[in-house]
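Given next are the chains, with one letter for each unit.
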Amino acid sequence: MKNYNRMIILSVILYIVIAGISGYFILNSDTKNNYAYRIESQRIMAELTDVSSIDNIDIHQYEYIQDVEFLNKTDDKNKIESFYAENHNSKMQIIPFYQNQELLGYVKFVYELPRLNIYNIFLLIQISLLILEVFILLVLFYLKKKLVQPFWRLQELPLQLSKGHFKGTLKEEKSQYLGKFMWGMGQLKDSLDISQKRQLELMKEKKKMLLSLSHDIKTPLNLIKLYGKALEENIYESHEARDNAIVQIGQKATEIEKYVNEIMASTREDILDIQINNQDFYLQDLINNVLSIYREQCQLRQINLTVEKYENKLLKGDIERGQEVLENIFENAFKYGDGREIKISFYEEDYCQLIHIFNTGSSVSDNEFNHLFESFFRGSNSVKEQGNGLGLYICREIMAKMDGAIFAIKHDDGMSFVLVFR
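Residues numbered from 1 in each chain as written. Predicted model: local features only at pLDDT ≥ 70, side-chain atom pairs only at ≥ 80, totals over all residues. Heavy atoms only, no water.

Q: Report on the overall build of the protein chain, specifying residues and quantitative values.
A: The helix and strand inventory of the protein chain stands at twelve helices and ten strands. Counting only residues that meet the buried cut, the protein chain has 34% of its 422 residues in that class. Considering only contacts in the protein chain between residues 6 or more positions apart, those separated by 24 or more positions represent 68%. Counting every atom, the protein chain has about 27900 Å² of accessible surface; 54% of that belongs to carbon and sulfur. (Helix = DSSP H or I, 4+ residues; strand = E, 2+ residues; numbered from the N terminus. Buried < 20%, exposed > 50% of the residue type's maximum accessible area, 1.4 Å probe, protein only. Contact = heavy atoms within 4.5 Å. Areas by Shrake-Rupley, 256 points an atom, 1.4 Å probe, with all protein chains shown as cover.)

Laid out in structure tokens, this is it:
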């Protein structure tokens, strides 16, 4: 902000300097540099043949010469004084007149040059410079209010967000330039605040769940240890008792395995370690693999499945992982769509192959739409459906590792997901 204020002060100083310099040169300029009258006087001298020809000069044909007088070298003192007398309204030029290399006298040319009003020019230029400076200042102050100050208020926001400070509100701007930007930054801050709260709640729930599962595991684990020790020390006398202990060990081991699976399902470390084998594959192979599974399912569910025509392009990525992404989108369409239609279309953009999957049904809210690809996020329409909120998160991670992308589009009558393959 200080640098911007210095720029405003600099513009004022520059205006003062330019106005001063221009005014100095204008006020000190003189029309004496205009020597057009000399051309006319030289023409007259060239036409003079003798002293008597001076009286025959037609003054009206000249623009600057007003009068021509002759002073004989033998004239008396009074004529000489009158000859050299100056006229305040005009200027004069005196040239010696020779004939046959003999000085006969002097010719006086009285001339007058058209003078511009220097002070009017000075005022005109100064007023023009002042108007220009006022305009520049208005532009600078306008930019300061509409652009510089709003950005100045945002200078601490990135640092606050990086430190996890999401509280507080941003002042809304009515500026046509930054209104939407400030609103978007406010939405970003609120979204990060909500996401942070959700993550904290998730960590608490996971901790509670892990403590609960750890406690539950201890019971079957202790029983396995008891049965194992009993078998090791040959405490059981009959074969039936030993066989029953072995069966109990197997059952308890199965119970522990169930708890372990629950723990693994509640974590996402396996998601972050998704292995991708990027190589070339054909688009038709990917689509055929998916349709071989879901075309029949759509028929059983009486869903109208439409697959538009496409060119069999060569794509880069992991065909199995790409199939996993498409299967996840189909499963979401079955869960959250209205069961009327699923449509797959294809198009190219910026040298990328795009696969567009649309399904009819009710759309999510704007707030939920912004969190679709977050881990463990489930929308309000998923209350009655099983799931852990990881499907779209996994899809995003897979597409990113294949140098592609996935994004969603809201429609009035449904939802679309677009896969981008390079």
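That shown, we press on.
Q: Residues and numbers for the sheet that holds strand 10 (residues 414-421), please.
A: Backbone hydrogen bonds are what pair the strands of a sheet, in a parallel or an antiparallel way. The strand order across the open sheet built from five strands is 5-7-8-10-9, with neighbouring strands paired in mixed fashion. Each edge of the sheet is formed by a strand with only one pairing partner; in this case those strands are strand 5 (304-307) and strand 9 (405-411). Within the sheet, the average angular offset between the axes of one strand and its neighbour, ignoring direction, is 20°. When strand 9 meets strand 10, the two strands line up antiparallel, connected through seven bridges. Within the sheet, the bridge partner assigned to Ala408 lies in strand 10 and is Phe417. Contacting strand 5, strand 7 (341-349), strand 8 (352-360) and strand 10, helix 9 (residues 283-300) runs over the sheet at an angle of about 170° to strand 5. (Pairing = 2+ DSSP bridges. Axes fitted to C-alpha atoms, helices over the stretch in contact; angles between N-to-C directions.)

Q: Please set out the packing of aromatic side chains residue by residue, giving values where relevant.
A: Taken as a whole and assessed by the stated rule, the structure comprises eight aromatic pairs. Each ring, one from Tyr294 and one from Phe330, has its centre 4.8 Å from the other, and the planes form 20°; the classification is stacked. Residue Tyr294 is located in helix 9, and its partner Phe330 is located in helix 10 (residues 319-336); the two are separated by 36 residues in the primary sequence. Look at Tyr294 and you get buried, because its relative accessible area is 4%. In this structure Phe330 comes out as buried when scored by relative accessible area, which is 1%. Of the aromatic side chains, those joined through ring pairs into one cluster are Tyr294, Phe330 and Phe334. Across the ring face of Phe83, the terminal group of Lys108 is positioned such that the distance to the ring centre comes to 5.1 Å. Seen from the ring of Phe334, Arg301 lies directly overhead, with NZ or CZ sitting 4.2 Å from the centre. (Phe/Tyr/Trp six-rings, centres within 6.5 Å; stacked < 30°, edge-to-face > 60°. Lys NZ or Arg CZ within 6 Å of the ring centre and 35° of its normal.)

Q: Explain the environment of Glu331 to me, and be specific about the residues and the numbers.
A: If you trace the backbone, Glu331 turns up in helix 10. Sequence separation between Glu331 and Tyr294 is 37 residues; the distance between their C-alpha atoms is 9.3 Å. With residues up to four places along the chain from it excluded, the contact list for Glu331 reads Tyr294 and Gln297.

Q: I'd like a rundown of the nonpolar core, residues and numbers included.
A: Ranked by internal contacts, the top residues of the largest apolar core, which has 40 residues, are Phe330, Ile342, Ile355, Leu419 and Phe421. Secondary-structure elements contributing two or more residues to this core are helix 9, helix 10, strand 7, strand 8, helix 12 (391-401), strand 9 and strand 10. Excluding residues that lie within four positions of it along the chain, Phe330 makes contacts with Val290, Tyr294, Cys298, Leu305, Ile342 and Ile344. Counting residues in hydrophobic clusters, the runner-up holds 18 residues, among them Ile44, Ile54, Phe109 and Leu113. (Core = buried A, V, L, I, M, F, W, Y, C linked by side-chain atoms within 4.5 Å.)

Q: Account for helix 10, with residues named and values stated.
A: With 18 residues, helix 10 extends 26 Å between its outermost C-alpha atoms, agreeing within 8% with the 26 Å of an ideal straight helix rising 1.5 Å per residue. Looking only at helix 10, the buried set comprises Ile319, Gly322, Gln323, Val325, Leu326, Asn328, Ile329, Phe330, Asn332, Ala333 and Phe334. (Expected span 1.5 Å × (residues − 1).)

Q: Could you give an account of unusual backbone geometry, with specific residues and numbers?
A: Its identity is not glycine, yet Asn100 carries a phi of approximately 55°, on the positive side. Structurally, the position occupied by Asn100 is in the loop between strand 2 (91-99) and strand 3 (102-111). One non-glycine residue with positive phi stands out, namely Asp403, at about 60°. Mapping Asp403 onto the fold places it in the loop between helix 12 and strand 9. Exposure remark for Asp403: the relative accessible area of 47% places this residue in the partly exposed category.

Q: Please provide a residue-by-residue account of the side chain of Asp318, values included.
A: Looking at the element boundaries, Asp318 is found in the loop between strand 6 (314-317) and helix 10. A polar contact is formed between the side chain of Asp318 and the backbone nitrogen of Asn277, at a distance of 2.9 Å. A distance of 3.1 Å separates a polar atom in the side chain of Asp318 from the backbone nitrogen of Glu320. If we ignore the near neighbours within four places in the chain, the residues touching Asp318 are Gln275, Ile276, Asn277, Asn278, Phe281 and Met402. (Polar contact = N/O pair within 3.5 Å; in protein donor to acceptor, adjacent residues only side chain to side chain.)

Q: If you had to explain the sheet that holds strand 1 (residues 65-72) to someone new, which residues and values would you point to?
A: Pairing in this open sheet of three strands is antiparallel, and the strands run 1-3-2 from one edge to the other. Whereas interior strands pair on both sides, the edge strands pair on one side only; in this sheet they are strand 1 and strand 2. Taken pair by pair, the neighbouring strands of this sheet meet at an average axis angle of 25°, ignoring direction. Where strand 2 and strand 3 come together, nine bridges link them in antiparallel fashion. By the bridge assignment for strand 3, Pro96 is matched with Tyr106. On top of the sheet, helix 2 (residues 36-47) reaches strand 1, strand 2 and strand 3; it is set at about 25° to strand 2, its chief contact.

Q: Explain the pattern of salt bridges residue by residue, including any values.
A: Between side chains of opposite charge, a pair can form as their charged atoms come close. Scanning the model with the defined rule gives eight salt bridges in all. The salt bridge partner of Glu311 is Lys313, with a shortest N-O separation of 3.7 Å. The exposure class assigned to Glu311 is exposed, which follows from its relative accessible area of 55%. What makes Lys313 partly exposed here is its relative accessible area of 24%. (Salt bridge = Lys/Arg side-chain N within 4 Å of Asp/Glu carboxyl O.)

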